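Reading the structure
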Amino acid sequence: MRSFARELDEFAADLARPEGQVPFKRVVRHHLGLFVKMRERGLTWDAIAAALTHAGARHRRGQPISAHQLRTVVANLQKNATHRTVILSDFEHIRTPAM
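What comes next concerns the included structure.

What counts as what
Counting of residues starts from 1 at the beginning of each chain's written sequence and follows it residue by residue. Local features in this predicted model are restricted to residues of pLDDT 70 or higher, and side-chain atom pairs are both shown and tallied only at a pLDDT of 80 or more, whereas totals for entire chains, interfaces and linings draw on every residue. For side-chain calculations, the full set of non-hydrogen atoms in the structure is used, while hydrogens and water are omitted. Throughout, exposure labels follow a simple rule: accessible area from a 1.4 Å probe, protein chains only, divided by the maximum for the residue type, with under 20% read as buried, over 50% as exposed, and the rest as partly exposed. Each helix is a run of DSSP H or I of at least 4 residues and each strand a run of E of at least 2, with the numbering of both proceeding from the N terminus. Each C-beta atom gives one direction from the helix axis, and the arc is the one those directions make. By definition in these notes, contact holds between two residues if any of their heavy atoms fall within 4.5 Å. The working definition used for a salt bridge is a side-chain nitrogen of Lys or Arg within 4 Å of a carboxyl oxygen of Asp or Glu.

Re helix α3 (residues 32–40)
Listed as buried for α3 are Leu32, Leu34, Phe35 and Met38. Buried residues along α3 cover an arc of 160° about the axis, so they all sit on one side. On its buried face, α3 is in contact with α1 (5–15), α2 (24–30), α4 (45–55) and α5 (67–81). Where α3 ends, the next residue or the one after it, glycine 42, has phi of about 95°, a positive value.

If you want it as structure tokens, here you go:
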């Protein structure tokens, strides 16, 4: 899991921006490649959800992200990606450039 620590921290930071909470689905879309890589390495959805919780990722009301919620959103995004190109630029206006 260490190999994904930085990316998991980025996910958590992107979810709770200083400007406010970013919609969960939008953040998952932006980090979709991370979840695909983690699954390809054999990690379960429960392990991925636990790693997100450890990194500090929470839903708007403070609840941890469940494996079921994550699996459902990723599956829907992958299904929709076959019908259209996933555009990640919609997320860039939220990111704060590194200085």
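After that view of the structure, there is still more to cover.
Some thoughts on the environment of alanine 51
Tracing the sequence through the fold places alanine 51 in helix α4. In this structure the C-alpha to C-alpha distance between alanine 51 and leucine 8, which are 43 residues apart in sequence, comes to 7.4 Å.

Digging into the side chain of glutamate 7
By secondary structure assignment, the location of glutamate 7 is in helix α1. According to the relative accessible area criterion, glutamate 7 is buried, its value standing at 17%. Non-local contacts of glutamate 7, meaning those with residues more than four positions away in its chain, are made with His31, Leu34 and Lys37.

Digging into the pattern of salt bridges
Summed over all chains, the structure comprises four salt bridges. Of the charged contacts in the structure, one is a salt bridge between arginine 6 and glutamate 10, with a shortest N-O distance of 2.7 Å. One end of the pair is arginine 6 and the other is glutamate 10, both in helix α1 and four residues apart, which spans about a single turn. On the accessibility criterion, arginine 6 (57% relative accessible area) is exposed. Taking relative accessible area as the criterion, glutamate 10 reaches 30% and is therefore assigned partly exposed. Here lysine 37 and glutamate 7 are joined by a salt bridge, their closest N and O atoms 2.9 Å apart. Here lysine 37 is found in helix α3, whereas its partner glutamate 7 is found in helix α1, with 30 residues between them in sequence. In this structure lysine 37 comes out as partly exposed when scored by relative accessible area, which is 37%. Because the salt bridges share partners, they merge into one network encompassing Asp14, Arg17 and Glu19.

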